[in-house]
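Geometric and topological summary
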Amino acid sequence: MAVKVNVKGPIVTSGSKWMYDWLGMPACSPGDVEQTLTEANGDEVILEINSNGGVATAGFEIYTMLMEYEGKVTAHIVGAAMSAASIIACAADNVLASDTSIFMIHNTQSYAEGDYRDMQMEADALQEFNESVINAYVRKTKMNREELQELMDKNTYMSVKTAIEKGFIDDYMFGNPDELVVVNSSVPIFTNEMVKKFAMALKRNEIAGVTPSDNMNVQDNSNNADSDKTKNERKEGKQKMTLEEFLKENPEENAKVDQMLDEAKAEGTKEERTRLKDLDKLAKSVTSDVLEEAKYGEHPKDAKTLAYEAMVDDSKKAAAYMQTALSDSKDSKVNEVGFQLESEENKEDEKSSKLASHVNHRKGVK
């Protein structure tokens, strides 16, 4: 049974570890690791790492212990392997990481005081420390020292994918989330979301290990010896086959392929029916020609896209109408007609009417 070694919290010296224990704070020291390795006595060891780093020399000591350990060492990065913790991870025979973990490397750091000579000596010392760190990274990643130094200069943070590409991490703890799950079959089993994409791949003869036969010059397998040789080459990825040849050699996969195509067809039909139904709800908002084009035109659209385009179109029409109205108003000079003038004329008419009424009343005219 594998023995677990917790590399969590700061990486500290054995002499200062008591303080973290007294405060109830997680930390990892060379003494802790040495004790666990002694108890493991050659059994497999799993490093469970979640640390932002710490003292470089403590990390160096733990790295050396793990490199000397006779048993297998596997590192599980469950959170972060940063700074000194990244050095410790590199001592493992196999480094696996959780989907959400982070790997970080940077230059060694310190504090100094004094004159320019003291500062220069400290800078020289840090560069030598960097060389020791790079030794561990080179052994793990096989990258050149200049490239590693450049990454350290940048304080490089890496996702699991990036760290795998660089060689710091070997694989995901739970398998690559971007890959399809394969269950005892040479044909990948797609998730529901990928059924349609798989169907499209089948149409292009691009399922695993299967490519069009144009210019492939695949030989006739009538001869048994040649047939066995061809099959072995295909298994090793040295020779490719067409979809028809693949299904002929693997008749049990026909049912799976048919099932996937049926599922893709059913899902596609359902989505298309939903799209058309949603578009019909916009019939009162757009013209019949526009609706028809969205449904069956060269570039089909969904309801959301059509509704947005209709809204934008209406806004443009409204803006154009207002612009035309303002232009017509200006041309007619209606804005030059004063409302005050019209009001004064009304007042004069009202005065004349009252005066005529008064005179007529004096004369006895009703």
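Everything numeric in this text was worked out from a predicted model, so none of it was measured.

What to know about the side chain of Thr141
As for its placement among the helices and strands, Thr141 is situated in helix α5 (residues 116-141). Among the polar contacts made by the side chain of Thr141, one reaches the main-chain carbonyl oxygen of Tyr137 at a distance of 2.7 Å. Among the polar contacts made by the side chain of Thr141, one reaches the main-chain amide nitrogen of Met143 at a distance of 3.1 Å. Residues in contact with Thr141, not counting those within four places in the same chain, are Leu148, Lys166, Gly167 and Phe168.

So, the packing of α5 against helix α6 (residues 145-153)
One way to put it is that α5 packs onto α6 with a least axis distance of 10 Å and a crossing angle of 115°. The chirality of how α5 crosses α6 is right-handed. Residues Asn130, Glu131, Val133, Ile134, Asn135, Tyr137, Val138 and Thr141 of α5 form the contact with α6, whose participating residues are Arg145, Leu148, Gln149 and Met152. Looking at the contact of α5 with α6 residue by residue, the classes come out as six nonpolar, four polar and two charged.

Some remarks on the packing of aromatic side chains
A ring pair, where both rings are aromatic, is described by two values, the distance of the centres and the angle of the planes. Counted under the stated rule, the structure contains three aromatic pairs. Look at Phe103 and Phe168: their rings are 5.0 Å apart centre to centre, the planes differ by 35°, and that puts the pair in the tilted class. Note that Phe103 is positioned in strand β5 (residues 102-105) and Phe168 in the loop between α7 (160-166) and β7 (171-172), a separation of 65 residues in sequence. For Phe103, a relative accessible area of 0% translates into the label buried. Note on Tyr137 and Phe168: the rings are 5.4 Å apart at their centroids and 85° apart in plane angle, and the pair reads as edge-to-face. Taken together, the residues Tyr137 in helix α5 and Phe168 in the loop between α7 and β7 connect sequence positions 31 residues apart. By the burial criterion, Tyr137 is buried, and Phe168 matches it. Through successive ring pairs, a cluster of aromatic residues spans Phe103, Tyr137 and Phe168.

Quick notes on the pattern of salt bridges
In total, this model carries eleven salt bridges according to the counting rule given. For Glu48, the salt bridge is made with Lys8, and the minimal N-O distance between the two is 2.9 Å. One end of the pair, Glu48, is in strand β2 (residues 45-51); the other, Lys8, is in strand β1 (residues 3-8), and 40 residues separate them in sequence. Lys8 gets classed as partly exposed once you look at its relative accessible area, which sits at 29%. Lys154 is the salt-bridge partner of Glu150, the closest N and O atoms lying 3.4 Å from each other. What makes Glu150 partly exposed here is its relative accessible area of 44%. Take Lys154: its relative accessible area is 55%, and that puts it in the exposed class. Salt bridges linked by common partners bring Lys4, Lys8 and Glu48 together as one network.

Focus: helix α3 (residues 56-68)
Between its terminal C-alpha atoms α3 stretches 19 Å, which fits the 18 Å expected from 13 residues at 1.5 Å a residue. Among the residues of α3, those classed as buried are Ala56, Ala58, Gly59, Phe60, Ile62, Tyr63, Met65 and Leu66. Buried residues along α3 sit against α2 (30-40), β2, β3 (73-82), α4 (84-89) and α5.

A look at the confidence of the model for the chain
Residues at a pLDDT of 70 or more form 65% of the chain, whose mean pLDDT is 79. With pLDDT under 50 throughout, residues 206-223 is counted as low confidence; its partners more than four residues away or in other chains account for 34 contacts. Low pLDDT (under 50) marks residues 337-343, which in the prediction has zero contacts with non-local residues, meaning those over four places away or in another chain.

Section: a negative patch on the surface
Together, Asp289, Glu292, Glu293 and Glu298 give the surface a local cluster of negative charge. Note on placement: Glu298 falls in the loop between α12 (288-296) and α13 (303-332). Glu298 sits in the exposed class, given a relative accessible area of 69%.

So, the pairing of β5
Sheet topology note: the β3/β5 ladder contains three bridges and is parallel. When the sheet's bridge partners are listed, Ala81 is paired in β5 with Phe103. Relative to strand β6 (residues 156-158), β5 runs antiparallel, the two sharing three bridges. Each residue of the ladder has a partner; that of Phe103, found in β6, is Met158.

Comments concerning the nonpolar core
Leu47, Leu66, Phe103, Tyr137 and Phe168 are the most contacted members of the largest nonpolar core, which has 48 residues in total. Setting aside residues no more than four positions away along its own chain, Phe168 makes contact with Cys90, Val95, Phe103, Ile105, Tyr137, Lys140, Thr141, Met143, Leu148, Met158 and Ala163. Grouped together as the second largest cluster of nonpolar side chains are eight residues, Val286, Ala303, Leu306 and Ala310 included.

Calculation rules
Every chain begins its residue count from 1, and numbering advances along the sequence as written. Given that this is a predicted model, residues contribute local features only at a pLDDT of at least 70 and side-chain atom pairs are listed and counted only at 80 or more, while totals for whole chains, interfaces and linings are drawn from all residues. The basis for every side-chain value is the complete set of non-hydrogen atoms in the structure, without hydrogens or water. Numbering of helices and strands runs from the N terminus; a helix is a DSSP stretch of H or I covering at least four residues, while a strand is a stretch of E covering at least two. Throughout this description, a polar contact denotes any pair of N or O atoms lying within 3.5 Å of each other; where both atoms belong to protein, one of them has to be capable of donating a hydrogen while the other can accept it, and for residues adjacent in sequence the pair is counted only when both atoms sit in side chains. Note on definitions: a residue-residue contact is assigned when non-hydrogen atoms from the two residues lie within 4.5 Å. Comment: axis = line fitted to C-alpha atoms, over the contacting stretch for helices; angle = value between 0 and 180 degrees taken between N-to-C directions. Less than a right angle of anticlockwise turn of the near helix away from the far helix marks a crossing as left-handed, whereas a clockwise turn marks it as right-handed. Ten residues, namely Ala, Val, Leu, Ile, Met, Phe, Trp, Tyr, Cys and Pro, are considered nonpolar, four, namely Asp, Glu, Lys and Arg, are considered charged, and the remaining ones, Gly among them, are considered polar. Two rings from Phe, Tyr or Trp (for Trp, the six-membered ring) form a pair when their centres sit within 6.5 Å of each other. Planes less than 30 degrees apart are called stacked, planes more than 60 degrees apart edge-to-face, and all others tilted. Exposure is judged per residue with a 1.4 Å probe applied to protein chains only, and the accessible area is read against the type maximum: over 50% gives exposed, under 20% gives buried, and values in between give partly exposed. For this analysis, a salt bridge means a side-chain nitrogen from Lys or Arg found within 4 Å of a carboxyl oxygen belonging to Asp or Glu. Expected span of a helix, by definition, is 1.5 Å for each gap between consecutive residues, and there is one gap fewer than residues. Values of pLDDT, ranging from 0 to 100, describe the predictor's confidence in every residue of the model. Patch rule: a residue counts if its relative accessible area is over 30% and it has no salt bridge; like charges are joined within 9 Å, and nonpolar side chains (Val, Leu, Ile, Met, Phe, Trp, Tyr) within 5 Å. Shrake-Rupley sampling with a 1.4 Å probe provides the accessible areas, and residues are treated as covered by the protein chains on show and by no other component. Residues scored as positive are Lys and Arg, those scored as negative are Asp and Glu, and His as well as the terminal groups of each chain are ignored. All charge positions are set by atom: Lys at NZ, Arg at CZ, Asp at CG, Glu at CD. Strands pair, by our definition, only if DSSP identifies at least two bridges between them. Here, the term nonpolar core denotes a set of buried Ala, Val, Leu, Ile, Met, Phe, Trp, Tyr and Cys residues that are joined through side-chain atoms within 4.5 Å.

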